[in-house]
Amino acid sequence: MRPAVAQAYGVLTGRDFRSHHPDDPDWVKTRIDEALARDGSLSLVGFWGVGERGSANGVETQALDNLSNLVSQLPVPARLTLILAEEHGRLNGKDGQKVADYLAGIAALADERRFESVHQSLLWSKWGLREPFGTLSDSEWVQNPLARTLEARSQKHYRGDLSARQDAQRYYLMCLAERSLIALDFPLAIWWSYSSPEF
């Protein structure tokens, strides 16, 4: 395994940038090694979600600066891509104009830092992804270890006509559908997230 692998892994999992250790460190190191063997660089990809605000502020600026510092400390060239998650916002019942204005600001801030950004809606259109994302029986859902956490998330963030359980199931199925498609579009990418590691 290349010396740069250990150095890159050290930066990605260092105290300055991570809140949790990877569940499978060997898998991450192998992923880094494969990426470097391909073209000598790393690809970092993650969602940028939306809340209630219609514009970015200092919190977002600081978060993006932290990501910029992360990229600058890596021992190899790295591309960082933000997937601007307006579809997640739409499903959560967020105001469409606020979401558009907010993500336009994030895209501009990302461009200033030489990050790439892509709208989730464009990826969905490319993939042909749309509702419904699938179905789950009540017994399957009850046995899902994420069920309670996702229902609590829905109660907090969802603004729509579905029940918390219905929204949580829809979100879970959507994530399963997106996961395989993202892997095809961003091969050998390292996934970064500000979310809890359970997601």
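A quick note: this is a predicted structure, and the numbers were derived from the prediction, not measured.

Rules behind the numbers
- Residues numbered from 1 in each chain as written.
- Predicted model: local features only at pLDDT ≥ 70, side-chain atom pairs only at ≥ 80, totals over all residues.
- Heavy atoms only, no water.
- Phe/Tyr/Trp six-rings, centres within 6.5 Å; stacked < 30°, edge-to-face > 60°.
- Helix = DSSP H or I, 4+ residues; strand = E, 2+ residues; numbered from the N terminus.
- Lys NZ or Arg CZ within 6 Å of the ring centre and 35° of its normal.
- Buried < 20%, exposed > 50% of the residue type's maximum accessible area, 1.4 Å probe, protein only.
- Salt bridge = Lys/Arg side-chain N within 4 Å of Asp/Glu carboxyl O.

Asker: Can you help me understand the packing of aromatic side chains in this one?
Answerer: Aromatic ring pairs are described here by two measures, namely the spacing of the ring centres and the angle between the planes. As enumerated under the stated definition, the model contains three aromatic pairs in all. Ring geometry for Phe47 and Trp191: centres 5.3 Å apart, planes at 75°, overall edge-to-face. With Phe47 in strand E1 (residues 42–48) and Trp191 in strand E4 (residues 190–191), this residue pair connects regions lying 144 residues apart in the sequence. Measuring from ring centre to ring centre gives 5.9 Å for Trp141 and Tyr172, while their planes differ by 70°; the resulting arrangement is edge-to-face. Taken as a pair, Trp141 in helix H7 (residues 138–143) and Tyr172 in helix H9 (residues 164–185) lie far apart in primary sequence, 31 residues in all. Seen from the ring of Tyr9, Lys29 lies directly overhead, with NZ or CZ sitting 4.8 Å from the centre. Directly above the aromatic system of Tyr171 lies the positively charged group of Arg153, at a separation of 3.7 Å from the ring centroid.

Asker: Please clarify how the environment of Pro25 should be interpreted in this entry.
Answerer: Tracing the chain through its elements places Pro25 in helix H2 (residues 25–39). Accessibility expressed as a relative area gives 29% for Pro25, which makes it partly exposed. As for Pro25 and Glu178, which are separated by 153 residues in sequence, their C-alpha atoms are 23 Å apart.

Asker: I would appreciate a short explanation of the pattern of salt bridges in the present structure.
Answerer: When the charged atoms of two side chains with opposite charge come close together, those side chains can pair. Counted under the stated rule, the structure contains 11 salt bridges. Here Lys94 ties to Glu52 by a salt bridge, and the two come within 2.6 Å at their closest N and O atoms. On the criterion of sequence distance, the pair formed by Lys94 in the loop between helix H4 (86–91) and helix H5 (96–112) and Glu52 in the loop between E1 and helix H3 (58–73) is long-range, its members being 42 residues apart. By relative accessible area, Glu52 is classed as partly exposed at 47%. Each of Glu87, Arg90, Glu131, Asp167 and Arg170 takes part in a single network of salt bridges with overlapping partners.

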